[in-house]
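Coordinate inspection notes
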Amino acid sequence: MDDDKKLTSKDFLNQLVAKHYEGALQAKAEGKPVVWATSICPQELLETMDLATVYPENHAAAIGARKGALEFIENAEGKGYSSDNCSYARVNLGYADIQKAEAQDIPMPDLLFCCSNICNTVIKWYENLSKTLQIPLILFDMPFNHTYEVPEHSIRYMRGQIEYAIGQLEDFTKRKFDYDKFGEVMELSNATCEWWKKATDWAKVIPSPLNGFDMFNYMAMIVCMRGNADGHRLFKMWHDELEAKAKAGLGPWNSAEEQYRVMWDGIACWPHLSTTFKALKKYGINMVTSTYPDSWNVRYEKNDLSGMAKAYASNYANRNLDYDEDNVVRLVKDFSLDGIVYHSNRSCKLMDFRQYEIQRRVEAATGIPSVVFDGDQTDPRAFSEAQYETRIQALVEMMEENKEARRKG
Amino acid sequence: MMSNAVSIIQELEAIALSPYKSVMRTMKETGKEAIGCFPIYAPEELIYAAGMLPVGMWGGDTELKLADRYLQTFCCSIMRSNIEYSMKGAYDMLKAVIIPTFCDTLKCICENWKVSAPRIPVIPMVYPQNRRIDAGFVYMTEELERVRGALEEISEKPITDAMLEDAFAVYEAYRSAMREFVSVAAEHPEMINARSRHLIIKAAYFSDKKAYTDKINKLTEALKKESVKPFPGIKVVATGLIAEPPALLDIFAKNNVAIAADDLAQESRQFRALSRKSGNVIQRLAWRIVDQQGCTFLYEVEKTRGQMLIEQVRNTGSKGVVVFMMKFCDPEEFDYPIYKEELERAGIPVLYLETEQQMDSFAQIETRVQSFAEMLA
Amino acid sequence: MYLGIDIGSTSTKAALIDGKANLVAQKVVNIGTGTNGLELVLAELLHEAGLTMEDVVYTVATGYGRLLCDVADKQITEISCHAKGVSYLVSGTGTIIDIGGQDSKVIRLDPLGRVANFAMNEKCAAGTGRFLEVMGRVLGCKLDELSDLAGASTREIQISSVCTVFAESEVISQLSMGTRREDVAKGALVSIAKRVAGLCKRVGVEPKVVMTGGVALNKNMVEAMSRELKEDVQAAPYTQAVGAIGAALFAMEAAEKKENNNG
């Protein structure tokens, strides 16, 4: 296995991305059904049923990062979608019409699989796909948690939906659901999520061996591969590399030292990924964490459907302000953060409309500075480089003042 | 008779135009304490059964300054207005508010409310989207029971099943009166123009439902006695969240465009679904949500809204559909491309108007409405 | 004689037609509603035609200032008037694009030249003449110079921001990075064309596509529009006065109808 030794997790990641999309296109070509699913859905059911699945959010992000989003956005807006609607949705709805992207093609779906733990917007988006493409939709509705913990009756509702969905999948595939395999998939998914979490946790070390923008890349795979052996191997491999780097005292970059450690709140600005990254790196700012490591740390006991329901409902975006505050405060401490960059993302109202209050509370609890900038996850038109640069520079000045004060004691 | 109708119309319009004053007066007249109800559907019957007054909270034209503490400018103006009012103290007469979380914005508003108006307790409520499967229906009844319990704590007395039955009967009478009113009003656009129609329906949110229903019934009776006159303008069907501000509707009246039927969340969606007769009141309340169709805030994979609008247009002899699009309302914005295409395929013209509660200029809207009327004439 | 008046936000236009629908005269002054533009344009128009207001049988006003125009017998929107005017001037028109100072509109016509559907920009200034004004200010040139400037462009640059404020800062940073003014001017035209093309998609584009209004005098703008739509686009004759001509035609129809009713 000499080859295997030389293979880095980054190489493997790129192979898996290609394999993921080719596999789905191949399945379609062979007449097998294809599923489109949301990013934090109970994929265990799909994996158990061995259904080829692609994730429109991943796909839209990939198109955005390769600067191809506008064509699809304009198509969707031409049909009447508002430029204020989620840009992942606009890119995907545009793609569903054009069905050809230079950046990456995906097969058209035969089934839709939607889970509202990330927002209610996906319900509207998938409803429209179902209506336009005339294909069935399986919905997991995960009530927003206004209480600190997930309420018991919500867990029962979600468990009921998982059971109902199993029946829907049996009807769709005309096959029996294999509960033994389901157990194995659950076990593997949990193990993969654990490696994802353990890998991203290495960023707690100072300097962090992890450059957070790399995490954005690996994220695509925790979305689509956490229930299979490839994904498990990838995240274990990534973890081991980060561990080795940390133990050798290596920082995030070869070309620069980590000066400041920040959290990035919200989704990346995919069309301006390198601009946003470079402006940070210029000042030695490493984005060491975000709310994402926990979003895919979906953990529960094998064969415990209620536990699984609860784990999926526990996503950060689906929690109340008090929980969110504690969560970010914990990140500030665990990752020794110097500051926070809040992305006021035109696409994501659910994240945005709690951001100001979280910012105030976290600042009060931790004393670290932060900035908010305007942008969008895939619409290139809603970002201003000049504004971003200025705000990052202001953040550096504030972080430096804090450091100075600490040095003086 | 005519003068009777006119005086009821004027009275209800005045109620709708001064929500604060109207609520204070209704509280005084009935001796009831008030509970605020956020859009889209709040279980008003539970509040009424508790001997309290449900009050609608659909924003308003207030200058937005304080709300910027919590919300970016791309938040829907109804919710920005509500947060603004809460911070100004305009809601201090409320004993509590119920905030159902039909969209991502409402989820956040519910959380922000805890800080923006700490003196007014919030009762969050989740209506299940998967409401047509057993687990969803059970969940909905559990949520309704939870809210019932919260209201019992606030009113400090139990809400008995008998009280629930009485309240449900009051609301059934109200809903049936409204269904009749909108159908009779469609025959009399010369008396009930677009603005009047909206204000008359809106007045219910600030009145005691029983007293309000009496007034509506009287108005409908008076209208029925009027002869049906030929209308020199055009009739349309209105859809969207809310048809406001009223100055917008003045433009309709001025151009002789009458609203013959609506699918507005603030108006007909509140009373168009018929109730089932079986089950206890909690179950009947849940069935009402299960049976509601074509509402963007309730998951519906078939998306029947377009077809429903087409039927409304045909049944009322309308010439087109007017979309009142509340800017930044994601669910409404997502429905639009779907029903727009269906309407166009059916040959029904659509007028799209983007609205906010704080509008300073109506010149462009005036051009659009007049052009639409010219196009259909 | 029948008079059409179009009072816009930045200019006032007037046209006269005779009883056989022949265009007698048309005039444009570059000041809009709330000024003495109406008096000026009428004086010039009547002078050229050698007529007085006494000769005018019926007047229709259109444009933003139409409702405040007391010399008019009737007010009709610019949507209907542009449709009327263009159908008269360019037969077989399917789609009209008018980029105005405050509003941009796209009007789709039926085979008889009547309005079948229309769309207008929303509150935001993107995709209107106002956006070009802001760009002109940053580039230090007048609106009508923008076209020539864009004509000398050698490199395609993208102005991606939709928001006018963001676009302004985007352009400033482009200029400070040494991007040529000509290329920025071209970028601004393409940006507007993209927004308006979006509006076109909402109503559906039918050939022939005709542009009206002052912006249609800008050759490079018409060309950019054509490229975005992948359709031939032509500027209407009397492009600024199209609305006024349409209004005059409506005046003639209204007068005839009135006469028939009286007779």
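Note that the structure is a prediction, hence the values are computed from the model and not measured. (Residues numbered from 1 in each chain as written. Chains lettered and ligands numbered in written order. Predicted model: local features only at pLDDT ≥ 70, side-chain atom pairs only at ≥ 80, totals over all residues. Heavy atoms only, no water.)

**Some details on the interface of chain B and chain A**
As a reminder, the rule being used: Residue contacts follow a heavy-atom distance rule, with two residues in contact if any of their heavy atoms lie within 4.5 Å. Buried area adds together the accessible area that both of two parts lose upon being put together, with accessible area traced by a 1.4 Å probe. For this document, the term salt bridge refers to a Lys or Arg side-chain nitrogen within 4 Å of an Asp or Glu carboxyl oxygen. Definition of a polar contact: a pair of N or O atoms within 3.5 Å, with one able to donate and the other able to accept a hydrogen when the atoms are protein atoms, and with sequence-neighbouring residues admitted only if both atoms are side-chain atoms. Under the scheme used here, helices are H or I runs from DSSP no shorter than 4 residues and strands are E runs no shorter than 2 residues, and both carry numbers assigned from the N terminus. Any residue outside Ala, Val, Leu, Ile, Met, Phe, Trp, Tyr, Cys, Pro, Asp, Glu, Lys and Arg is labelled polar, Gly included; the first ten of those are nonpolar and the last four are charged.
At the junction of the two partners, chain B supplies 50 residues and chain A supplies 49 residues. For chain B, the biggest contributors to the area lost against chain A are Gln 72, Phe 74 and Phe 334 of chain B; these three give 17% of the whole. Taken together, the links from chain B to chain A amount to six salt bridges. Between Glu 342 of chain B and Lys 131 of chain A there is a salt bridge whose closest N-O contact spans 3.3 Å. Inspection of the chain B/chain A interface yields 31 residue pairs in polar contact (both at pLDDT 80 or more). When residues of the side of chain B that touches chain A are traced back to their parent elements, those giving at least two are α5 (104-116), α6 (134-155) and α13 (330-345) of chain B. Top element by residues in the side of chain B that touches chain A is α13 of chain B. It accounts for 10 residues. For the side of chain B that touches chain A, a count of residues per class yields 24 nonpolar, eight polar and 18 charged.

**Re the confidence of the model for chain C**
The condition that has to hold: Per residue, pLDDT captures the predictor's confidence, and it can take any value from 0 to 100.
Here chain C averages 90 in pLDDT, and 98% of its residues register 70 or above. Predicted as a complex, the structure gets a pTM of 0.92 and an ipTM equal to 0.97.

**Overview of the environment of Met 93 of chain B**
Residue and element names in this part refer to chain B. Its place among the elements puts Met 93 in the loop between α4 (77-88) and β3 (94-100). Considered as a pair, Met 93 and Glu 33 are 60 residues apart in the sequence and their alpha carbons are 8.2 Å apart. With residues near it in sequence (within four places) discarded, Met 93 still touches Tyr 20, Val 23, Met 24, Met 27 and Ala 34.

**A closer look at empty space enclosed by the protein**
Residues and elements named next belong to chain B. The following threshold applies: Method remark: on a 1 Å grid restricted to protein atoms, a set of points is classed as a cavity if a 1.4 Å probe fits but cannot get out and as a pocket if it is open with protein on both sides within 12 Å along at least five of seven lines; lining residues have an atom within 4 Å of a point. Grid points are joined across faces, edges and corners, and a volume is the space filled by probe spheres set on the points. Note that the domain bounds reflect an automated or database-derived domain assignment.
Summed over all chains, the structure comprises seven cavities of 30 Å³ or more. Quantified by volume, the largest cavity comes out at close to 340 Å³. Forming the walls of the largest cavity are 24 residues, and the residues nearest its centre are Tyr 41, Ala 42, Glu 45, Arg 175 and Gln 270. Only α3 (44-49), α7 (161-185) and α11 (281-291) provide two or more residues apiece to the lining of the largest cavity. Across the lining of the largest cavity, the residue classes tally to 16 nonpolar, two polar and six charged. Taken together, domain 1 (32-159) and domain 2 (232-377) each give at least three residues to the lining of the largest cavity, which thus spans both.

**What to know about the domain arrangement of chain C**
All names here are of chain C. Here chain C is partitioned into domain 1 (2-85 + 241-262) and domain 2 (93-235). Between the C-alpha centres of domain 1 and domain 2 the distance comes to 27 Å. Of the residues lining the interface, nine residues belong to domain 1; the matching set on domain 2 comes to 14 residues. On the domain 1 side of the interface with domain 2, the three residues burying the most area are Ile 79, His 82 and Ala 83, jointly 58% of the side's total. At the surface where domain 1 touches domain 2, the tally comes to zero salt bridges. Counting every contact that joins domain 1 to domain 2 gives two residue pairs in polar contact (both at pLDDT 80 or more). With five residues, helix α2 (residues 78-89) is the largest single contributor of residues to the side of domain 1 that touches domain 2. Tallied by class, the residues present in the side of domain 1 that touches domain 2 amount to four nonpolar, four polar and one charged.

**Overview of the packing of helix α3 (residues 129-139) of chain C against helix α5 (residues 164-176) of chain C**
Residues and elements named next belong to chain C. To keep things clear, this is the line we draw: The axes are straight lines fitted to the C-alpha atoms, using for helices just the contacting stretch, and the angles between their N-to-C directions are given from 0 to 180°. Any angle between 65 and 115 degrees counts as roughly perpendicular, while under 35 counts as roughly parallel, over 145 as roughly antiparallel, and the rest as oblique. By definition, turning the near helix anticlockwise from the far helix through less than a right angle yields a left-handed crossing, and turning it clockwise yields a right-handed one.
Here α3 crosses α5 at 30 degrees, and the two axes come no closer than 10 Å. Taken as axis vectors, α3 and α5 run roughly parallel relative to one another. When you trace α3 past α5, the crossing you get is right-handed. Residue-level inspection shows Phe 131, Val 134, Met 135, Arg 137, Val 138 and Leu 139 of α3 in contact with α5, the latter providing Thr 164, Ala 167, Glu 168, Val 171, Ile 172 and Leu 175. Grouping the constituent residues of the contact of α3 with α5 by class yields nine nonpolar, one polar and two charged.

**A short note on the interface of chain B and chain C**
Every contact between the two is made by 19 residues of chain B and, on the other side, 19 residues of chain C. Counting across the interface, chain B meets chain C through zero salt bridges. Counting the contacts that link chain B with chain C gives 11 residue pairs in polar contact (both at pLDDT 80 or more). Secondary structure elements with two or more residues in the side of chain B that touches chain C: α13, β8 (350-355) and α14 (363-376) of chain B. The greatest single-element share of the side of chain B that touches chain C, amounting to 10 residues, is contributed by α14 of chain B.

**What to know about the sheet that holds strand β6 (residues 257-264) of chain B**
Residues and elements named next belong to chain B. This is how the line gets drawn: Here a strand pair is declared whenever DSSP counts at least two bridges between the two strands.
Taken together, four strands build an open sheet; the order of strands is β6-β5-β7-β8 and the sheet is parallel. One side of each edge strand has no neighbouring strand; the edge strands of this open sheet are β6 and β8. Within the sheet, the average angular offset between the axes of one strand and its neighbour, ignoring direction, is 25 degrees. Across six bridges, strand β7 (residues 320-326) lies against β8 in parallel orientation. Bridge pairing links Phe 324 to Leu 353 in β8.

**A few points about the side chain of Asn 120 of chain A**
By secondary structure assignment, the location of Asn 120 of chain A is in the loop between β3 (111-115) and α7 (121-133). Discounting residues that sit within four places of it in the chain, Asn 120 of chain A has contacts with Thr 101, Phe 102, Cys 103, Asp 104, Lys 107 and Gln 129 of chain B.

**Observations concerning the pairing of strand β4 (residues 137-140) of chain A**
Residue and element names in this part refer to chain A. Condition: Burial classes: relative accessible area under 20% of the type maximum marks a residue as buried, over 50% as exposed, and values in between as partly exposed (1.4 Å probe, protein chains only). Look down the strands so they point away from you; if going from the first strand over the helix to the second traces a clockwise path, that crossover is right-handed.
Residues Leu 137 and Leu 139 line one face of β4 and the alternating positions Ile 138 and Phe 140 line the opposite face, and both faces are buried. Where β3 meets β4, four bridges bridge the pair, whose relative direction is parallel. Its bridge partner lying in β4, Leu 112 is registered against Leu 137. The β-α-β motif built from β3, the intervening α7 and the parallel element β4 has right-handed crossover chirality.

**Focus: the sheet that holds strand β4 (residues 58-62) of chain C**
Residue and element names in this part refer to chain C. Here five strands make up an open sheet; going across it, the order is β3-β2-β1-β4-β5 and the pairing mixed. With partners counted over all chains shown, the strands left at the sheet margins are β3 (23-29) and β5 (74-75), one partner each. Bridge analysis of β4 against β5 gives two bridges, and the strand direction is parallel. Bridging from a neighbouring strand, Val 60 pairs with Lys 74 of β5. In this fold helix α1 (residues 37-49) packs onto β1 (2-7), β2 (12-17) and β3, with an angle of close to 145 degrees to the strand it touches most, β3.

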